[in-house]
Amino acid sequence: LNFCSWEERRVRANDRDYNEKFQYASNCIMTSKYNIITFLPVNLFEQFQEVANTYFLFLLILQLIPQISSLSWFTTIVPLVLVLSITAVKDATDDYFRHKSDNQVNNRQSQVLIGGILQKEKWMNVRVGDIIKLENNQFVAADLLLLSSSEPHGLCYIETAELDGETNMKVRQSLSVTSELGDPNNLAQFDGEVVCEPPNNKLDRFCGTLYWKDCKYPLSNQNMLLRGCVLRNTESCYGLVIFAGPDTKLMQNSGRTKFKRTSIDRLMNTLVLWIFGFLVCMGVILAIGNAVWEKEVGALFQSFLPWDPPVDNFLFSAFLSFWSYVIILNTVVPISLYVSVEVIRLGHSYFINWDRRMFCSRSNTAAEARTTTLNEELGQVEYIFSDKTGTLTQNIMTFNKCSINGHTYGEEQHMRVQALDFSAWNPLAARDFCFYDQSLLDAVMEGEPAVHEFFRVLSLCHTVMSEEKSEGELLYKAQSPDEGALVTAARNFGFVFRSRTPGTVTTQELGKAVTYTLLAILDFNNIRKRMSVIVRNPEGRIRLYCKGADTVLFERLHSCNHELMNVTSDHLNEYAGDGLRTLAVAYRDLSEEQWEEWSEHFRGADKATDCRDDRLAAAYEEIEQDMMLLGATAIEDKLQEGVPETIAILSLANIKIWVLTGDKQETAVNIGYSCKMLTDDMTEIFIVNGHTVQSVREELRDGGKEAEAPPPSLLESISGEFALIISGHSLAHALEADMEREFLETACACRAVICCRVTPLQKALVVELVKRHKKAVTLAIGDGANDVSMIKTAHIGVGISGQEGIQAVLASDYSFSQFRFLQRLLLVHGRWSYLRMCRFLCYFFYKNFAFTMVHFWFGFFCGFSAQTVYDQYFITLYNIVYTSLPVLAMGIFDQDVPEQRSLEYPKLYEPGQLNLLFNKREFFICIAQGIYTSVVLFFIPYGVLSHATQSNGVPLADYQTFAVTTATALVIVVSVQIALDTGYWTAINHFFIWGSLGTYFTILFAMHSSILFNIFPKQFHFLGSAHNTLGQPVVWLTIALATVICIAPVLAFRFLKLDLKPQLSDTVRHTQLVLQKKRKPGGRAGRGVGGAGGSRRSGYAFAHQEGFGELITSGKNMRLSSLALATFASRHSSSWIDTLRRKKHANSPGDRLLKIQLCHHRNKLHFKIY
């Protein structure tokens, strides 16, 4: 054998010494970010990426220098350590759960063949080249080459939900040369060597060669069992480990855990830099002033007021003054800002956890905010990337309606109509099957030939396997969930599929056992879109039964079916309008001569070595002609509850929803129609299915030309009624560097985008593409391990705790059990979190500029000596005690409109998407208001008190009187301001605002009391100053005057803005006040009425694969247990959604979705909402 290159991997069975030379990865996985050694440095590095943390560390260093510090060092180090500690504990807790999950997986037990003996080993100790034994329902520990199985012909059945989200069974088969090595002794002697491709993320491809006994055997994906799969319906199997741990395809598709930060965090980093620059400018101005003053005026005092060492000239004095002012003015961004932000985010997270309306009683699962750092970003989402299976669907499908011989059967579930009871006359009926139309059961009981033949087709024409655990207890294992639904329907109506052998199918028809000879299965594939069986009944009559897509089947009917075909076609249109998946059903009688002649052609095509598929297709086409139509079936995809409503509401909030699924195109399209992402009135649906770069580019450009018909400025607002559907192999080309922008522009011009057959990594790449080029907030939602990479890549990851394990939940930022909870998470919690955080930040910057800039103005009147206006206790307590709780209450509890209105008016969500409530413009407005307030608070008391006297004639112009007056005015002004800013008053808001004012006066009088003076005479010098100052009427008049001058412009501006340019939230709130009654809930009870020309969707969409017919007739999979039954589920009422859409499209793209008109009628104010 040649020397192993980096482009290939060599693995020798049962030879650890040989394999260890290549230093392959062990089977231990690690999804955590830290360990005990790296936690402190890595976490601190991440935290000091916050510019503010670095800024406060710098200030702390400055405060340790006594020559320039006029404030104690503990005022900075205590809050800084507190913030770092809180964040570190939170990060450590998150990572602890990741470690716990990793340990749980790594410590799973597997049976490894060592020295000819099966020994139990932990997964982490499995090595490349080991042979391991798997048993039924066990997870596959690593990527294995299947060597042998307990099933005949080396077959085994696996479920791949963790990889691609599909819950139907898949078949894998070992090489025939190794399939007989079922005994551990034989496997211990196996020394074959595998040469294969290096680790990669391609789930559907594997290329390699097995060298054994001087022969070589090609290997493909059909021979591989991938980590994350579950062995089903197979007693045991043996496999050779090819890829382990991080090299497995599952882990190759899992993105790394990323440090997520919100757009507000990033903006605050920029603003802190700007503020620091502003601080430096103020420091420079005051330092220059100090230099000038010391040179011109201070020099005159040197004889009795010399400079403190080491100052020896005015320039050095100015240099020290600069740093002193940097310390004094640093409160423009206090460390308490970041403590408060973390507390507010924690509160918002608890609100999500406590929300009973996001609690699923069926699964006993509450919503969980698994991170506290992203809450406000929930109010800014523009793109949602959703998985399909288990996220939009429940994995349940039901037989809903049918058309037989021109008669339609099937009624909707109503409160007054009870489901039919089949058990009374059919002991083999499935208990969970529900049907509501008695007339169909009557037709069966009356013996109508067409009805009997219809259900006979459903009981015979399929590839379902049956397992009878006990007498009468049947368990169907279907390759696709719709097949299971159809066979179950036939079972309940008296045509029970019991068992099969390679040559027979046994049914029980109305209590009578009937065995049919199975002559041939004409297998399904995506091109044929149909399957047929040819059977001989006990009387010897040969008949072909066929079911398939109506568009394909109608072309192959006998001409005498024209009238019946038209009636059935009308029924199919009606079913499609209701969002149901349809199949047509037909039969053909064959004579013995026709069968013999065709059988000869079929055998010749089956044995062909070249163009076998084409020859088989031609043979199938030959016999599937001149069929007689029986009718059609209609199956309902069980969507999760509220999916269509949720998607409609979110789209009205200008959120674009893309579905990224591992399922087939037909499946995705069906779900798109069921959840109303796709509608029949769309202008066009672009399907990109090219296999080459050039074909994909042409298809994208064709779609782009259509979609770009609106003006370019409207492309971002889902202006066109277009949809884009692209397959995984086309997406691989579309994501290349030279085509990705073209793909993105076309996709963003469409209202709906569905990507089919995509790998987990492709999901992440699509999300990354939108993140990179659109600069929009993205959210990814999924429920399986195949969604983990996408969830980690998006700004916000949401995990659905469903049927596919907990990997998605563990990787997510938020989790709940139903897709419908997403609208509440975004439109209520997300919008409120964004609103609260923005109001909090605006007020916080305002109050701190108002507080700090007073020092700046005072510098011009104190010889630029870096003396503070307020005493250091007020400076310390201002942000910690006097103003912290009111702003926290606003940041945690505030709301502009109630939660019901947030859901009724989705357009209220748009300010967050446009980042209108806190941006650079709003920041400058806040600091301008703060600077204006500081000017008033300094110069009004300064001007009044400089000429004021006490009642006894003593002047009031002293430092302490000025300090108390200014501080009191400041606390009152900011308290009145937050009262104006608060939109939703609670008892807590009242208690915190007025309680903080009371606390200020209590502490103020206490610090100037004789009690503290007697205990700490050096710390509290100004005995009675507060009592003396606040006992003067002129002081209170000064405070009142300053308050009015500060607040009056704000009130005037807000009244004018409300009157001249009200926001939607203002109008909604005003509506509520005027009407004084709750709006009636929207009409959700009615069922949508579909148009006559509805798009029909084949029931074969769900992951039905070619090849099962051949397996059945060969007898290779004959065993009581084989394939698994996976079921999918239901579409909900949607008439109100259609109404909303009509309202949306009635407006031109530039118009507002919601128009609210005020009109006067009979002296009353009315609101017209339309």
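Just so it is clear, the structure is predicted and the values come from calculations on it, not from any experiment.

Engineer: Just give me the short version of the overall build of the protein, but keep the residues and values in it.
Structural biologist: A tally of regular secondary structure across the protein gives 39 helices and 36 strands. Taken across its 1170 residues, the protein has 58% of its residues classed as buried. Across the protein, contacts joining residues at least 24 apart in sequence account for 75% of those joining residues at least 6 apart. When the accessible surface of the protein is totalled, it reaches about 48500 Å², and 57% of it is carbon and sulfur.

Engineer: Can you tell me about the sheet that holds strand 7 (residues 169-173), naming the residues and giving the values?
Structural biologist: The strand order across the open sheet built from three strands is 7-6-12, with neighbouring strands paired in antiparallel fashion. Of all the strands in the sheet, just strand 7 and strand 12 (230-232) have a single pairing partner and so form its edges. Direction aside, the axes of adjacent strands within the sheet are offset by 45° on average. Bridge count for strand 6 (residues 155-159) against strand 7 is five bridges, and the pairing is antiparallel.

Engineer: Tell me about the nonpolar core, residues and numbers included.
Structural biologist: Judged by nonpolar contacts, the single largest core of 98 residues is most densely connected at Val333, Leu337, Leu841 and Phe874. Beyond its immediate sequence surroundings of up to four residues, Leu337 is in contact with Met268, Phe840, Leu841, Phe844 and Phe845. Of all hydrophobic cores here, the second largest spans 52 residues; its members include Ala478, Ala485, Val514 and Tyr587.

Engineer: Account for the packing of helix 8 (residues 263-296) against helix 9 (residues 314-328), naming residues and giving values.
Structural biologist: The interhelical angle for the contact between helix 8 and helix 9, taken along N-to-C directions, is 145°, at an axis separation of 8 Å. Of the two elements, helix 8 crosses helix 9, and the hand of that crossing is right-handed. Of helix 9, the residues touching helix 8 (which contributes Leu279, Val280, Gly283, Val284, Leu286, Ala287, Asn290, Ala291, Glu294 and Lys295) are Phe314, Ser317, Ala318, Ser321, Phe322, Tyr325 and Val326. For the contact of helix 8 with helix 9, the per-class residue count stands at eleven nonpolar, four polar and two charged.

Engineer: Tell me what's going on with the sheet that holds strand 5 (residues 143-149), and back it up with residues and numbers.
Structural biologist: As summarised here, the arrangement of the six strands in space is 3-2-4-13-5-11, forming an open sheet in which the pairing is antiparallel. Looking at strand neighbours, the two that pair on one side only are strand 3 (117-122) and strand 11 (224-225), the edges of this open sheet. As paired elements, strand 4 (residues 131-135) and strand 13 (residues 236-243) share five bridges and run antiparallel to each other. Opposite Ile132, over in strand 13, you have Gly239 as the bridge partner.

Engineer: Any details on empty space enclosed by the protein? Residues and values, ideally.
Structural biologist: Applying the stated criterion across every chain, the model contains six cavities of 30 Å³ or more. In this model, the second largest cavity occupies a volume close to 90 Å³. Lining the second largest cavity are Tyr870, Asp871, Phe874, Tyr882, Gln960, Ala963, Val964, Ala967, Tyr1000, Leu1004, Met1007 and His1008. Of all the elements in the fold, those that place two or more residues in the lining of the second largest cavity are helix 27 (872-882), helix 32 (959-981) and helix 33 (987-1007). It is helix 32 that contributes the most residues to the lining of the second largest cavity, four residues altogether.

Procedures and definitions
Residues numbered from 1 in each chain as written. Predicted model: local features only at pLDDT ≥ 70, side-chain atom pairs only at ≥ 80, totals over all residues. Heavy atoms only, no water. Helix = DSSP H or I, 4+ residues; strand = E, 2+ residues; numbered from the N terminus. Buried < 20%, exposed > 50% of the residue type's maximum accessible area, 1.4 Å probe, protein only. Contact = heavy atoms within 4.5 Å. Areas by Shrake-Rupley, 256 points an atom, 1.4 Å probe, with all protein chains shown as cover. Pairing = 2+ DSSP bridges. Axes fitted to C-alpha atoms, helices over the stretch in contact; angles between N-to-C directions. Core = buried A, V, L, I, M, F, W, Y, C linked by side-chain atoms within 4.5 Å. Left-handed = near helix turned anticlockwise from the far one by under 90°. Nonpolar A, V, L, I, M, F, W, Y, C, P; charged D, E, K, R; others polar. 1 Å grid on protein atoms, 1.4 Å probe; cavity = no way out; pocket = protein on both sides within 12 Å on 5 of 7 lines; lining within 4 Å. Points joined across faces, edges and corners; volume = space filled by probe spheres on them.

By themselves these figures say nothing about function.
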